[in-house]
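Architecture at a glance
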Protein chains: 2
Amino acid sequence: MSTKKDLEDERKKASFNVQEMTYLLDGGKQKSEEKQKFKDLVHKEKAFSKRDIIFLGRSDRYKRALERSQILAETVNKMKLSDEERTIMFEEVDEDLPLTTHYYLFVPTLENQCSEKQAKKWVPAARACKIIGCYAQTELGHGSNVRGLETTATYDPKTQEFVIHSPTTTSVKWWVGGLGKTSNVCVVFAQLILDGKNQGLYSFFVPLRSLEDHSKLPGIEFIGDIGPKFGFNAMDNGCVKFNQCRIPRTNMLARFAKVNKKGQLIQRSGVSSRVNYGTMVLMRANFVATAGVTLAKACTIATRYSAVRRQFNNSQNSHQEVQVIDYQTQQHRIFPLIAASYALYFVAGTMNEMYNDMMDELKNGKDVNVMNQKLALVHAISSGLKSLSTNMTSDGIEECRKCCGGHGYSQMSGLPYLYATFVHRNTAEGDNMILTQQVARYLFKSFKSQASTGQENKINKCNVSCEDDWVQNKEHYVSAYKHRVLRLVKENHNKPFDEILIDIAQLSRAHGMCVMVESFVKNCNHQGPIGVVLQKLCNLFALHHLEQDAAHYLEDGYMSGQQLQWIRNSVRKLLLELRPDAVALVDAFNFSDHYLNSALGKYDGDVYQALFDWIKEEPLNKSDVVDGYSQHLKPLIHSKL
Amino acid sequence: MSTKKDLEDERKKASFNVQEMTYLLDGGKQKSEEKQKFKDLVHKEKAFSKRDIIFLGRSDRYKRALERSQILAETVNKMKLSDEERTIMFEEVDEDLPLTTHYYLFVPTLENQCSEKQAKKWVPAARACKIIGCYAQTELGHGSNVRGLETTATYDPKTQEFVIHSPTTTSVKWWVGGLGKTSNVCVVFAQLILDGKNQGLYSFFVPLRSLEDHSKLPGIEFIGDIGPKFGFNAMDNGCVKFNQCRIPRTNMLARFAKVNKKGQLIQRSGVSSRVNYGTMVLMRANFVATAGVTLAKACTIATRYSAVRRQFNNSQNSHQEVQVIDYQTQQHRIFPLIAASYALYFVAGTMNEMYNDMMDELKNGKDVNVMNQKLALVHAISSGLKSLSTNMTSDGIEECRKCCGGHGYSQMSGLPYLYATFVHRNTAEGDNMILTQQVARYLFKSFKSQASTGQENKINKCNVSCEDDWVQNKEHYVSAYKHRVLRLVKENHNKPFDEILIDIAQLSRAHGMCVMVESFVKNCNHQGPIGVVLQKLCNLFALHHLEQDAAHYLEDGYMSGQQLQWIRNSVRKLLLELRPDAVALVDAFNFSDHYLNSALGKYDGDVYQALFDWIKEEPLNKSDVVDGYSQHLKPLIHSKL
């Protein structure tokens, strides 16, 4: 039987309408159709093909990425795409390009932090890519601790200029996306020095390369790419060492603060930090969404391949080997990850709503306390979810890859690329471990204020009384998740922070899981078959993770060994119940073959032919006798020894 | 303060003699000195430098690897190195080369499976690299289930030849190391067809390429490289499609079976499978050893970098930021992995002893039953440990990488390379998930036979009565590990295999952990400071993993919540106690800077300068204005829009 037939058969088994599920995940039919429009646009353009990127060396990868960037930018300009449309198009192109940070970090920074006058001068040029920019914060020796940055911007009242300078090797700006070879300007985050006194960190607009011929400008001692990374190699993350680089006084981004001619700092206090927090929240919400999509891609590949890969023949009645998706362990590894992908889609939606709600409050709210409270809540949740979701997806991609056996190790599976590209997200935009501290600080603080008003958790025993209880009443697991958070808060809120960093990491994870489970529960209330399968996924997600962290519920007697055993049984039942829907559940993500770029994840299931065809394009296979044979092999083979 | 000074200070804190520990890990002073000899040899040879491999594209990587292979092979021949010496030298070169499988798979296969006559003809030529070979077992559609292989070897009595043939796309030999572009011969594992009847799988010596000019021979429809992989890209894993490829009858490897002129199969039964098992055990034992060394490398990089990386200033008395190794979470992530590296070194030694003991029995033993029992035991343990150790190391490398923050994502950290190269070991030589079944089968069987003789476990409660009990009496944790294995065996041994695959995976892990902990306990009985620090490491390893899997001990009431809390407290104490020895413990692995190939893991701690120097060699930085600027960037920047 052919592998194509296997997938056809799987699709016949689906209990629900796949397209309807796609609309739900996309946020409505209209959104799905709009996405489709850009998908078609991207697929038509040959330069966007990802088929050969697995064969390209770094310099060729970068050059190809420049070509794609150019086509994208020209399309954005020509079709006058809105920011939302541009985002959809970038997502469909699905590669981190040298212009990505320009559009998503540099332009928004200008828009948020420029004075009106500055914005008029720079924003239209940046939007049209007549200037191409990046955002330089981290330094070779400084990442998470922003206050430790060493780059200085010293005001020289004689010439009315700032002097941007890198005093040490550790102060070299490093990791800056798009800086290496692409950008001609840069927003630099530096310690402002006025009259010998450090005033703290501010942003400056610094030209780097000539707009005429792209050569580096005076005051730039070194500028270049920081070398190959695990993934993300189409992007020229770069570094720059300044040597007394002079810029006009008016190049300090002046929406929230400026330096006057005499060298005095004039500030609009308070607002700036709230806007910064807002931007951070948005970034982190995007990370959650991307985590969902990326894990969904990995699941799509692993599920489809597991449905066509056959191994071992357990029955004497059949000549066929068993589809590996029918093994309990394979289901136990993949299905909870499908459920997690759905959970991430939903919680990303929840996160978005919270962000919009918060921005509303910031713009229209009257009470600064309410504003600050909302900001603190949303910031804590987004920090915790960023950390949880990116960990979940990193681990999940690798689990999917390992589920594909040997072929998962091939770049043609698409999975190594997915992993290597994604995992920078564990450390970028707030290291996952450090973020957990923000969650704990918030939870401890709000516990203390609630404790003073006499609020307490009432339940301290899980009251599940039979196996089916777990799936019939979602309140049981929601309560368990809540209980764990509260217990960890109670146990730790009065201890010295340094001594409980391990517990804090667990608390943050516990809280994030709670948010995810509650969001999933809210999102599976649909009529008909869609509702039924979503309920199952929700149950699987919640119960699987209860099982994984079971010690947390057993140790204080909240849950009994018997209740845990019921969870295990329920999880195993759910795996079997979800089995016929597995392929349909990943089909619903609606990823194109272009987007997955995986021989194993092909929609039609013709995986082996796809592998065999693809390797014909491997450069080593272009000649029969390989380059190097006569220098290095022939002397051995023809030796007289 | 300089980062160099940081490491100097760390080294002063060590409680034990580092060189003494190195000798212990290497298996004696003499072995350490022998290793050093080959280290020096490798470091002297410029072609062995690994500094530029992060910049090379696939084809250049392969060609460079050919050059290294040639130098290695010529050194082996010239210096008349023994197999052990060659192995040390290969390890110091530390790259998977096109000739690796030739030496480690092809030559031993010939030695084990050839008749004396065949061995005389082929082995010396193979050892001298006058023929270069590989071992072709897996096929595009067939991996773990060897019986499902489709390649046929049909005997043609008219010409007294075997016809090797690939009837389908799924039957194409795939993943074969060294086959893609390097080998000129191959041992092919194929279904033997005699007079239309399938006789099962046998091995055949099949020429692939001309010894004269390396061009492919008739009967080879396609031969080539299978394309880029996650890592391991200096190796040309390849594929071959046979089209009625004819070889002489005498090319069937004939030590255990042969086909006579008339086409009759003549077998020496029984022996072959025992020899095969022996080879498999050895392979898996090597995987365990490699897992130890690889995890140790990752720990060395992460520990040294964590000692020089400083982030956040928590004290008002100091201008300096805190060494990140002083954060509890960082210690909690890294130190148990250092302990695991030591555990893996020791258990690899245990494994080796068991292997030698078994081979002794196979060669000199009289009783076939004893032989088979020993084989079954060692095979089960090696399967379980291969699975456990490679999982532990894969996860551990990534944890170390993430502990290095942003810079861990750079190829110059050495960690992405380490991970991408290592992780094929989770699926190679027996998929880790499938191997767990072998362990369970063995344990169930021996439980049943022991149960019939009345043997039973006596302890069913952990009797730790205070916190210090856990570290003062190792019997407590050894008993806990044993208890878990026995409980899982008891609960599952009578259930249908298909329905307990998840439990089986846990059982195999539980058993492997038990073997590792017992081996560690045995290996830390040393006098003086070395003994003290090893005891601490052993305690940390055992207790950390008890904490991780705590649910397994809580759910049946074996352990109480209080006892678990004492474990947590003990682990945290151990982290603080081991803190001053952290750098010394990784120094003891005695890896050279060449071997680590990591800017972050440099012995002298000068990490930032190393990063800044290394990127000057990035090809993208060879020119000021990058290739692609005038085609793709200039049109945007100079546009009139």
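Residues numbered from 1 in each chain as written. Chains lettered and ligands numbered in written order. Predicted model: local features only at pLDDT ≥ 70, side-chain atom pairs only at ≥ 80, totals over all residues. Heavy atoms only, no water.

As for unusual backbone geometry
All names here are of chain A. Our working definition: Each helix is a run of H or I in the DSSP string that is no shorter than four residues. Each strand is a run of E no shorter than two, and both are numbered from the N terminus. A 1.4 Å probe rolled over the protein chains alone gives each residue an accessible area, and that area as a share of the maximum for its type sets the label: buried under 20%, exposed over 50%, partly exposed in between.
The residue asparagine 597 is not glycine, and still its phi comes out positive at about 50°. Here asparagine 597 lies in the loop between helix 20 (593–596) and helix 21 (607–614). In this structure asparagine 597 comes out as buried when scored by relative accessible area, which is 15%.

Observations concerning the sheet that holds strand 7 (residues 220–225) of chain A
All names here are of chain A. Rule in force here: Paired strands, in this sense, are two strands between which DSSP finds at least two bridges. An axis is simply a line fitted to the C-alpha atoms; with a helix, the fit covers only the stretch in contact. Between two such axes, the angle follows the N-to-C directions and lies from 0 to 180 degrees.
The antiparallel open sheet is built from three strands, whose spatial order is 4-8-7. Strands with a single pairing partner mark the edges of an open sheet, and in this sheet they are strand 4 (173–176) and strand 7. Between one strand axis and the next, the sheet turns by 15° as a mean value, whatever way the strands run. Pairing geometry for strand 7 and strand 8 (residues 238–242), over five bridges, is antiparallel. Counterpart to phenylalanine 222 in the pairing with strand 8 is lysine 241.

Observations regarding the UniProt feature "active site" (unreviewed entry) in chain A
Residues and elements named next belong to chain A. Stated formally: UniProt positions are given in the numbering used here, feature names are shortened, and annotations may be inferred rather than shown by experiment. Contacts were defined at the residue level, with two residues in contact if any of their heavy atoms lie within 4.5 Å.
Those places that UniProt annotates as "active site" (unreviewed entry) correspond, in this numbering, to Glu429. Within the secondary structure, glutamate 429 sits in the loop between helix 11 (415–422) and helix 12 (432–452). Owing to a relative accessible area of 29%, glutamate 429 belongs among the partly exposed residues under this scheme. Apart from the residues lying within four places of it in its own chain, the contact partners of glutamate 429 are Met283, Arg284, Phe287, Lys386 and Leu435.

Some points on the interface of chain B and chain A
Definition in use: The term buried area means the drop in 1.4 Å probe accessible area that two parts suffer when joined, counted for both and summed. Between Lys or Arg on one side and Asp or Glu on the other, a salt bridge is scored when a side-chain nitrogen of the former is within 4 Å of a carboxyl oxygen of the latter. What qualifies as a polar contact is a pair of N or O atoms within 3.5 Å, subject to a donor-acceptor requirement within protein and to the restriction that residues adjacent in sequence count only when both atoms come from side chains.
Listed by partner, the interface residues are 127 residues for chain B and 128 residues for chain A. Carbon and sulfur atoms supply 61% of the area that chain B and chain A bury against each other, a total of about 11100 Å² over both sides. Broken down residue by residue, the surface that chain B buries against chain A is led by Phe230(B), Tyr409(B) and Ile502(B), which jointly contribute 8%. Summed over the shared surface of chain B and chain A, the number is ten salt bridges. Residue Arg58(B) pairs with Glu618(A) through a salt bridge whose shortest N-O separation is 3.3 Å. Our count for the chain B to chain A interface comes out at 62 residue pairs in polar contact (both at pLDDT 80 or more). When residues in the side of chain B that touches chain A are grouped by element, the largest group, ten residues, is from helix 4 (residues 58–78) of chain B.

Things to note about the side chain of His544(A)
Residues and elements named next belong to chain A. Along the chain, histidine 544 falls in helix 16 (residues 528–548). For histidine 544, a relative accessible area of 10% translates into the label buried. The residues contacting histidine 544, other than those within four sequence positions of it, are His332, Pro336, Asn539 and Val571.

Here's the deal with the packing of helix 2 (residues 18–26) of chain B against helix 3 (residues 29–44) of chain B
All names here are of chain B. For the record, the criterion: Should an angle lie under 35 degrees it is considered roughly parallel, over 145 roughly antiparallel, and from 65 to 115 roughly perpendicular; all remaining angles are considered oblique. Gly counts as polar in this scheme, as do all residues outside two lists: the nonpolar Ala, Val, Leu, Ile, Met, Phe, Trp, Tyr, Cys and Pro, and the charged Asp, Glu, Lys and Arg.
Look at helix 2 against helix 3: their axes get within 7 Å of each other, and the N-to-C directions meet at 90°. One element, helix 2, and the other, helix 3, form an angle in the roughly perpendicular class. Of the residues in helix 3, those in contact with Thr22, Tyr23 and Asp26 of helix 2 are Lys29, Lys31, Ser32 and Lys35. Residues of the contact of helix 2 with helix 3, tallied by class, amount to one nonpolar, two polar and four charged.

Re the relation of the copies chain B and chain A
Applied cut-off: A residue counts toward the fit only if its pLDDT is at least 70 in both copies, and the copies are then superposed by least squares on the C-alpha atoms of those residues.
Overlaying chain B on chain A yields an RMSD of 0.0 Å, the required transformation being a rotation through 180° with an accompanying axial translation of 0.0 Å. As the rotation angle and translation indicate, the two copies are arranged about a two-fold axis.

Here we look at the pattern of salt bridges
Residues and elements named next belong to chain A. All told, the structure shown has 84 salt bridges over all chains when counted by the stated rule. For lysine 297, the salt bridge is made with aspartate 94, and the minimal N-O distance between the two is 2.9 Å. Taken together, the positions of lysine 297 in helix 8 (residues 271–308) and aspartate 94 in the loop between helix 5 (83–93) and helix 6 (100–113) put the pair 203 residues apart, joining distant regions of the chain. Looking at lysine 297, the relative accessible area reads 6%, which means it is buried. Between aspartate 156 and arginine 246 there is a salt bridge, with the nearest N and O atoms lying 3.1 Å from each other. Separated by 90 residues along the polypeptide, aspartate 156 in strand 2 (residues 152–156) and arginine 246 in strand 9 (residues 245–248) bring together distant segments of the chain.

A closer look at the domain arrangement of chain A
Residues and elements named next belong to chain A. Stated precisely, the cut-off is as follows: Residue ranges for the domains trace back to a domain assignment, done automatically or taken from a database.
By the assigned domains, chain A splits into domain 1 (132–266) and domain 2 (281–586). One C-alpha centre belongs to domain 1, the other to domain 2; they are set 39 Å apart. At the junction of the two partners, domain 1 supplies four residues and domain 2 supplies seven residues. If you sort the residues of domain 1 by the area they bury against domain 2, Ser144, Phe230 and Phe232 come out on top, with a joint share of 89%. Linking domain 1 with domain 2 are one residue pair in polar contact (both at pLDDT 80 or more), by the criterion used here. Classifying every residue of the side of domain 1 that touches domain 2 gives two nonpolar, two polar and no charged.

Things to note about the packing of helix 22 (residues 629–637) of chain A against helix 4 of chain B
How we decide: Two helices that cross are described as forming a left-handed crossing if the nearer one is turned anticlockwise from the farther one by less than a right angle, and a right-handed crossing if clockwise.
It is at 9 Å that the axes of helix 22 of chain A and helix 4 of chain B come closest, and there the two elements cross at 25°. Relative to helix 4 of chain B, the element helix 22 of chain A lies roughly parallel. Seen along the crossing, helix 22 of chain A lies across helix 4 of chain B with a hand that is left-handed. Contact residues: helix 22 of chain A offers Tyr629(A), Gln631(A), His632(A), Leu633(A), Pro635(A) and Leu636(A), while helix 4 of chain B offers Lys63(B), Leu66(B), Glu67(B), Gln70(B), Ala73(B) and Glu74(B). Here the residues of the contact of helix 22 of chain A with helix 4 of chain B sort into six nonpolar, three polar and three charged.

Comments concerning the pairing of strand 8 of chain A
Strand 8 of chain A sits mainly inside the fold: five of its five residues count as buried. Because side chains alternate across strand 8 of chain A, one face comprises the buried residues Gly238(A), Val240(A) and Phe242(A), and the other comprises Cys239(A) and Lys241(A), equally buried.

Brief notes about empty space enclosed by the protein
Residues and elements named next belong to chain B. Test applied: Here a cavity denotes a set of grid points, spaced 1 Å apart and computed over the protein atoms alone, in which a 1.4 Å probe fits but from which it cannot get out, and a pocket denotes an open set meeting protein on both sides within 12 Å along at least five of seven lines; residues with an atom within 4 Å of a point are reported as lining. Grid points are joined across faces, edges and corners, and a volume is the space filled by probe spheres set on the points.
Counted according to the given criterion, the structure contains four cavities of 30 Å³ or more. Forming the boundary of the second largest cavity are Lys50, Ile54, Asp94, Lys297, Gln411, Gly414, Tyr417, Leu418, Tyr595, Leu596, Asn597 and Trp614. Every element with two or more residues in the lining of the second largest cavity is listed here: helix 11 (415–422) and helix 20 (593–596). Of the residues contributing to the lining of the second largest cavity, the split by class is six nonpolar, three polar and three charged.

Details of the sheet that holds strand 8 (residues 238–242) of chain B
All names here are of chain B. Pairing is antiparallel across the open sheet formed by three strands, whose spatial order is 4-8-7. For this open sheet the edge positions go to strand 4 (173–176) and strand 7 (220–225), each flanked by a neighbour on one side alone. For this sheet, the mean angle separating the axes of adjacent strands, direction not counted, is 15°.

Some words on the side chain of Ser508(B)
Residue position: Ser508(B) is located in helix 15 (residues 501–523). Sequence-distant contacts of Ser508(B), defined by excluding residues within four places in its chain, comprise Gly384(B), Thr436(B) and Val439(B).

Examining the environment of Gln264(A)
Residue and element names in this part refer to chain A. Relative to the elements of secondary structure, glutamine 264 occurs in the loop between strand 10 (257–259) and strand 11 (265–267). Owing to a relative accessible area of 42%, glutamine 264 belongs among the partly exposed residues under this scheme. Spatially, the C-alpha atoms of glutamine 264 and glutamine 19 are 61 Å apart, while their sequence positions differ by 245 residues. A polar contact is formed between the side chain of glutamine 264 and the side chain of asparagine 260, at a distance of 2.8 Å.

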